[in-house]
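Read off the chains here:
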Amino acid sequence: GGFAKKYKFNVMLDERGARNFGHHAIAGELDNGKYRFISKNGTLDPNDANFSGESWFTDKVFDTLDDVQKYYGTEITPGHSFNKIDTYLMTRKQMNTAFEYGLIVAKQNYHLLVNSCTNVVSASLYGAYDNGAFFGINFYFHDPTPIINHVLQRGNFYNHYSYSK
């Protein structure tokens, strides 16, 4: 019996990222204490100007969140770091679903308005906490701007599932 162990799931926001629209990504705790980082970074082809095209994404495991920050600040957006991190608690099953949904979206073609970095975060949270109920058409009922979406997610999820609870 007893309660299932909970793991830390971090929603990472760089408010100055993506030309000040903000950049959103996720980093979830694994059984070994390391962090799996999933980020949809833009378009693979620079000629697409990070508006629409084949997705450039990251799916990597790091020892610590500091290592995630270093990678982001060198390989993805040089000189930047995630300045806001919301930490949620998830069971292993929820975390696995969050990773699964996040990765599906990360791999899908990038589109600034309907399938960007912030969709990875939304898909993960809806997957973990709403059993993917919003993964279909409703999934897109969120704001495409990461900074605003972060605030919306705080209202929808953070009050219920935050690490501080």
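This text goes with the structure placed above it.
These numbers were taken from a predicted model, which means no experiment stands behind them.

**Q** If you had to explain the side chain of threonine 118 to someone new, which residues and values would you point to?
**A** Within the fold, threonine 118 resides in helix H4 (residues 117–129). You can call threonine 118 buried: its relative accessible area is 0%. A polar side-chain atom of threonine 118 sits 2.7 Å from a polar atom in the side chain of asparagine 149.

**Q** Describe the sheet that holds strand S1 (residues 7–14), listing the residues and the values that go with them.
**A** Sheet architecture is open: five strands sit in the order S5-S3-S2-S1-S6, paired in antiparallel fashion. Among the strands making up the open sheet, the edge pair consists of strand S5 (55–62) and strand S6 (84–90). Between one strand and the next, the sheet's axes are offset by a mean angle of 20°, whatever the strand orientation. Running over the sheet, helix H3 (residues 92–107) touches S1, strand S2 (23–29), strand S3 (35–43), S5 and S6 and is turned about 20° from S3. Strands S1, S2, S3 and S6 of the sheet are contacted by H4, whose axis makes an angle of about 40° with S2.

**Q** Please set out the packing of H3 against H4 residue by residue, giving values where relevant.
**A** Between H3 and H4, the least distance of the axes is 7 Å, while the angle of their chain directions is 150°. Considering the relative orientation of H3 and H4, their crossing is right-handed. Side by side, H3 and H4 meet where Gln94, Thr97, Ala98, Tyr101, Gly102, Val105 and Ala106 of the first sit next to Asn119, Val120, Ala123, Ser124, Gly127, Ala128 and Tyr129 of the second. The residue makeup of the contact of H3 with H4, split by class, is eight nonpolar, six polar and no charged.

**Q** Describe helix H2 (residues 65–76), and please don't skip the residues or the numbers.
**A** Residues of H2 that are buried: Val68, Gln69, Tyr72, Gly73 and Ile76. Take H2 and look down its axis: the buried residues cluster within an arc of 125°, on one side only. Exposed positions of H2 whose direction lies more than 90 degrees from the buried face are Asp66, Lys70 and Thr74. Those residues of H2 hidden inside the fold are in contact with S1, helix H1 (17–20), S2, S3, S5 and S6.

**Q** Residues and numbers for the pairing of S3, please.
**A** Of all nine residues that make up S3, nine are buried, and the element is covered over most of its length. In the sheet, S2 pairs with S3 via four bridges, with the strands oriented antiparallel. Bridge assignment links isoleucine 26 to a residue of S3, and that residue is isoleucine 38. Counted between consecutive antiparallel strands, the loop separating S2 from S3 contains five residues, among which glycine 33 sits at a positive phi close to 85°. Direction of pairing for S3 relative to S5: antiparallel, over a ladder of eight bridges. Bridge pairing in S5 links tyrosine 35 to phenylalanine 62.

**Q** Tell me what's going on with the packing of aromatic side chains, and back it up with residues and numbers.
**A** Within the structure shown, the criterion is met by five aromatic pairs. Aromatic pair tyrosine 88 and tyrosine 129: ring centres 6.3 Å apart, planes at 40°, arrangement tilted. One end of the pair, tyrosine 88, is in strand S6; the other, tyrosine 129, is in helix H4, and 41 residues separate them in sequence. Of the two residues, tyrosine 88 and tyrosine 129, neither departs from the other in class, the shared state being buried. Counting every residue linked through ring pairs, the aromatic cluster contains Phe37, Phe62, Tyr71, Tyr72 and Phe82. For the cation-ring pair, lysine 5 lies above tyrosine 7, with the distance from its terminal atom to the ring centre recorded as 4.8 Å. In this structure, arginine 92 is placed above the aromatic ring of tyrosine 7, and the distance from its NZ or CZ to the ring centre is 4.0 Å.

Parameters and conventions
Along every chain, residues carry numbers that run from 1 in the direction the sequence is written. Two thresholds apply to this predicted model, a pLDDT of at least 70 for residue-level local features and 80 or more for giving and counting side-chain atom pairs, whereas whole-chain, interface and lining totals are computed over all residues. Where side-chain values are given, they derive from all heavy atoms of the structure, hydrogens and water being excluded. In this description a helix means any DSSP run of H or I spanning at least four residues, a strand means any run of E spanning at least two, and both kinds are numbered starting from the N terminus. For each residue, the accessible area found with a 1.4 Å probe, counting protein chains only, is set against the maximum for its type, and the residue is called buried under 20%, exposed over 50%, and partly exposed in between. In protein, a polar contact means a hydrogen-donor-capable atom and an acceptor-capable atom, both N or O and within 3.5 Å, with residues adjacent in sequence counting only if both atoms are side-chain atoms; elsewhere, any N or O pair within 3.5 Å suffices. We treat two strands as partners when DSSP finds at least two bridges between them. Only the stretch in contact is used when fitting a helix axis, every axis being a line fitted to C-alpha atoms; angles between N-to-C directions are given from 0 to 180 degrees. Whether two residues are in contact is decided by their heavy atoms: any pair within 4.5 Å suffices. The hand of a helix crossing depends on one turn: near helix anticlockwise from the far one by less than a right angle means left-handed, and clockwise means right-handed. Gly counts as polar in this scheme, as do all residues outside two lists: the nonpolar Ala, Val, Leu, Ile, Met, Phe, Trp, Tyr, Cys and Pro, and the charged Asp, Glu, Lys and Arg. The directions considered for the arc are those from the helix axis to the C-beta atoms. By convention, a stacked pair of Phe, Tyr or Trp rings (six-membered ring in the case of Trp) has centres within 6.5 Å and planes under 30 degrees apart, an edge-to-face pair has planes over 60 apart, and any other such pair is tilted. Only when the NZ of Lys or the CZ of Arg is both within 6 Å of the ring centre and within 35 degrees of the ring normal is a charge said to sit over the ring.

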